Amino acid sequence: MVNEMNIDFTEQELAFREEVRAFFREELPEQVRYKIDNGLRISRDDQVAYQKALHAKGWAGVNWPVEYGGTGWSSAQKYIFFNEAAEAAAPRIIPFGLSMVAPVIYTFGSEEQKQRFLPDILASNVWWCQGYSEPNAGSDLAGLKTKAVRDGDHYIVNGTKTWTTLGHYADWIFCLVRTSDTGRKQEGISFLLIDMKTPGVTVKPIITLDGRREVNEVFFEDVRVPVENLIGEEGKGWTYAKVLLTHERTNIAGVAPSKHRLSTLRKLLDNPPAGMGNLRQNSLFMARVIQAEVELKALEFTELRVLSAVSTGKAPGPESSILKIKGTEVQQMIDELYLEVAGYYALPFVPGQYEDGYDGVRIEPHFAPDVAPHYYNNRKVTIYGGTNEIQKNIIAKAVLGL
Ligand SMILES: Cc1cc2nc3c(=O)[nH]c(=O)nc-3n(C[C@H](O)[C@H](O)[C@H](O)COP(=O)(O)OP(=O)(O)OC[C@H]3O[C@@H](n4cnc5c(N)ncnc54)[C@H](O)[C@@H]3O)c2cc1C
């Protein structure tokens, strides 16, 4: 049972925890675990194999309704699953299919669309990416300009999406497109599913601060998209998109992985390996560690409240903005603590050394690898999914009524 101050698991929940631990012991390949623990990239195939193993066990649709193949887990079970996954150094589930477009399809899609798309999403047969942001439409997303013009039983799509995470892996993209220029700009937006193999779709890399390819630009040039790929009604895309964003923000908080990183840091501080300074004696540093632990604990209970609401069928509300802000702030606090632990080792940043096949000298502390790329890469978390400043605006309006 989960209550505000304490967590006591029931017998069944403890049995479930054993089952989850056994799953990770048996199904998570050692090389994947090693890569995740050491900040190395896993391949598309590794990621898909992991998600397929979850599916085979019936655990892919964590938040999905049972009728579409969801787990039917209680909030306590979800809590257990995500914490054990982080402890086992399992990859995070890529959200675009399973946690982002799926809720839109099962909530607003037609029967035909549900049957066509949901089974392949659940089985991770198809990789999805998210086409919301554009070069001039990020925070002001409703200003998006990618146009979809009706031509018989097709839309002709023209425009550019940007920051498309893992778009180079994707088979399909879910897009917000402009189908009308009249009225409020939100009312001219529609939600369209586009096969990335359609002629006229081009994907170009954007290399991020950590030297890796994670995001892309996606160009659409006279791309013909069947009308049956429109979700719900034309002009209602904004409403559907907002539902999706609350799911996205709840995921970004990353409470369980932060707990894992902080407890690993604690172990390092308690038994500093050779080469690491004794920061345990540094009270200013330790005060920051404790502050991160306290904030994370408070965040964990907020997340439990949201998980519990989602279990009863509700979409997460403005609490998802609170989770996003605090969760990402704590992630960046932890990144900074690791930088200090690594000391001067964090400075010579050689991105290539973290890639498969690198055979040069590795410059990093053996006790805390991946510190610099993690720090650089994680600058993104306060930006994507809607920046933290925008989340504060949402809280001001939706929670404080300002
Ligand atoms: C690594 C990464 C991955 C991403 N992945 C995806 C993806 O897969 N799909 C996708 O569609 N998008 C993705 N995004 C895009 C992301 O959602 C946008 O970057 C984000 O919404 C901010 O938009 P922008 O970059 O245009 O910044 P801008 O909107 O130009 O904002 C610039 C600055 O101004 C501030 N600001 C703007 N408006 C206001 C306001 N009204 N009040 C207060 N402050 C304001 C912002 O907070 C920010 O600090 C990704 C971004 C990153 C960095």
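Cut-offs applied
- Residues numbered from 1 in each chain as written.
- Predicted model: local features only at pLDDT ≥ 70, side-chain atom pairs only at ≥ 80, totals over all residues.
- Heavy atoms only, no water.
- UniProt positions renumbered as here; feature names shortened; annotations may be inferred.
- Helix = DSSP H or I, 4+ residues; strand = E, 2+ residues; numbered from the N terminus.
- Buried < 20%, exposed > 50% of the residue type's maximum accessible area, 1.4 Å probe, protein only.
- Areas by Shrake-Rupley, 256 points an atom, 1.4 Å probe, with all protein chains shown as cover.
- Near = heavy atom within 4 Å.
- Polar contact = N/O pair within 3.5 Å; in protein donor to acceptor, adjacent residues only side chain to side chain.
- Salt bridge = Lys/Arg side-chain N within 4 Å of Asp/Glu carboxyl O.
- Phe/Tyr/Trp six-rings, centres within 6.5 Å; stacked < 30°, edge-to-face > 60°.
- Lys NZ or Arg CZ within 6 Å of the ring centre and 35° of its normal.
- Pairing = 2+ DSSP bridges.
- Expected span 1.5 Å × (residues − 1).
- Core = buried A, V, L, I, M, F, W, Y, C linked by side-chain atoms within 4.5 Å.
- Domains from an automatic or database assignment.

- The name given to the protein chain in an unreviewed UniProt entry is Acyl-CoA dehydrogenase, and the organism recorded there is Marinobacterium nitratireducens.
- Turning to the protein chain, the UniProt annotation filed under Sequence similarities (unreviewed entry) states: "Belongs to the acyl-CoA dehydrogenase family."
- According to UniProt, the comment filed for the protein chain under the heading Cofactor (unreviewed entry) is "FAD".

## Remarks on the overall build of the protein chain
Here's step 1: In terms of regular secondary structure, the protein chain is built from 12 helices and 8 strands.
Here's step 2: Across the 402 residues of the protein chain, 50% fall into the buried class.
Here's step 3: Per element, the accessible surface of the protein chain, about 18700 Å² overall, is 54% carbon and sulfur.

## A look at the site of the ligand
Here's step 1: In the vicinity of the ligand, 17 residues are found, and the nearest of them are Ser139, Trp163, Thr165, Thr387 and Glu389.
Here's step 2: At 2.9 Å from an oxygen atom of the ligand is found a main-chain nitrogen or oxygen belonging to Tyr132.
Here's step 3: Thr165 is positioned such that a nitrogen or oxygen atom in its side chain is 2.7 Å from a nitrogen atom of the ligand.
Here's step 4: Protein burial of the ligand: of its 970 Å² of free accessible surface, 65% is covered by the chains.
Here's step 5: For the shell around the ligand, the element with the most residues is helix 12 (residues 388–398), which contributes 3 residues.

## Some details on unusual backbone geometry
Here's step 1: Here Leu166, not a glycine, exhibits a phi torsion of approximately 55°, which is positive.
Here's step 2: You can see Leu166 is positioned in the loop between strand 3 (154–161) and strand 4 (172–178).
Here's step 3: Accessibility expressed as a relative area gives 11% for Leu166, which makes it buried.
Here's step 4: A positive phi angle is found at Asp222, which is not glycine, with a value near 50°.
Here's step 5: Relative to the assigned elements, Asp222 resides in strand 7 (residues 213–226).

## Overview of the pattern of salt bridges
Here's step 1: Under the criterion given, the structure shown has 26 salt bridges.
Here's step 2: A salt bridge links Asp195 to Lys197, with the nearest nitrogen and oxygen atoms 3.5 Å apart.
Here's step 3: For Asp195, a relative accessible area of 21% puts it in the partly exposed group.
Here's step 4: Residue classification places Lys197 among the exposed residues on the basis of a relative accessible area of 63%.
Here's step 5: Salt bridges sharing common partners tie together Arg41, Asp210, Arg212, Glu214 and Lys380.

## Observations regarding the packing of aromatic side chains
How two aromatic rings sit relative to each other is given by the distance of their centres and the angle of their planes.
Here's step 1: Counted by the stated rule, this structure contains 22 aromatic pairs.
Here's step 2: Each member of the aromatic cluster is reached from another via a ring pair, and the members are Phe16, Phe23, Phe24, Trp59, Trp73, Phe81 and Phe82.
Here's step 3: Over the face of the ring belonging to Phe219 we find Lys204, whose NZ or CZ atom lies 5.1 Å from the ring centre.
Here's step 4: When the ring centre of Tyr375 is taken as reference, the NZ or CZ atom of Arg379 above it lies at 4.7 Å.

## Quick word on the pairing of strand 4
Here's step 1: Across the 7 residues of strand 4, 7 count as buried, placing the element largely inside the fold.
Here's step 2: Here strand 4 shows two buried faces, one formed by Trp172, Phe174, Leu176 and Arg178 and the other by Ile173, Cys175 and Val177.
Here's step 3: In this structure, strand 1 (residues 128–131) lies alongside strand 4, joined through 4 bridges in parallel fashion. The residue bridging Trp128 from the neighbouring strand is Trp172, located in strand 4.
Here's step 4: Two elements, strand 4 and strand 5 (residues 189–195), share 7 bridges in a ladder whose sense is antiparallel. Its bridge partner lying in strand 5, Trp172 is registered against Asp195.

## Brief notes about helix 3 (residues 44–56)
Here's step 1: Here helix 3 is 13 residues long and its end C-alpha atoms lie 18 Å apart, about the 18 Å a rise of 1.5 Å per residue gives.
Here's step 2: What helix 3 keeps buried is the set Asp46, Gln47, Val48, Tyr50, Gln51, Ala53 and Leu54.

## Comments concerning the nonpolar core
Here's step 1: Core analysis: the largest hydrophobic core is formed by 76 residues, its most contacted members being Phe24, Phe81, Ile121, Val157, Phe174, Phe191 and Leu193.
Here's step 2: Among the elements that make up this core, the one with the highest residue count is helix 5 (residues 95–108) (8 residues).
Here's step 3: Counting contributing residues, this core receives three or more from each of domain 1 (11–93) and domain 2 (127–236).

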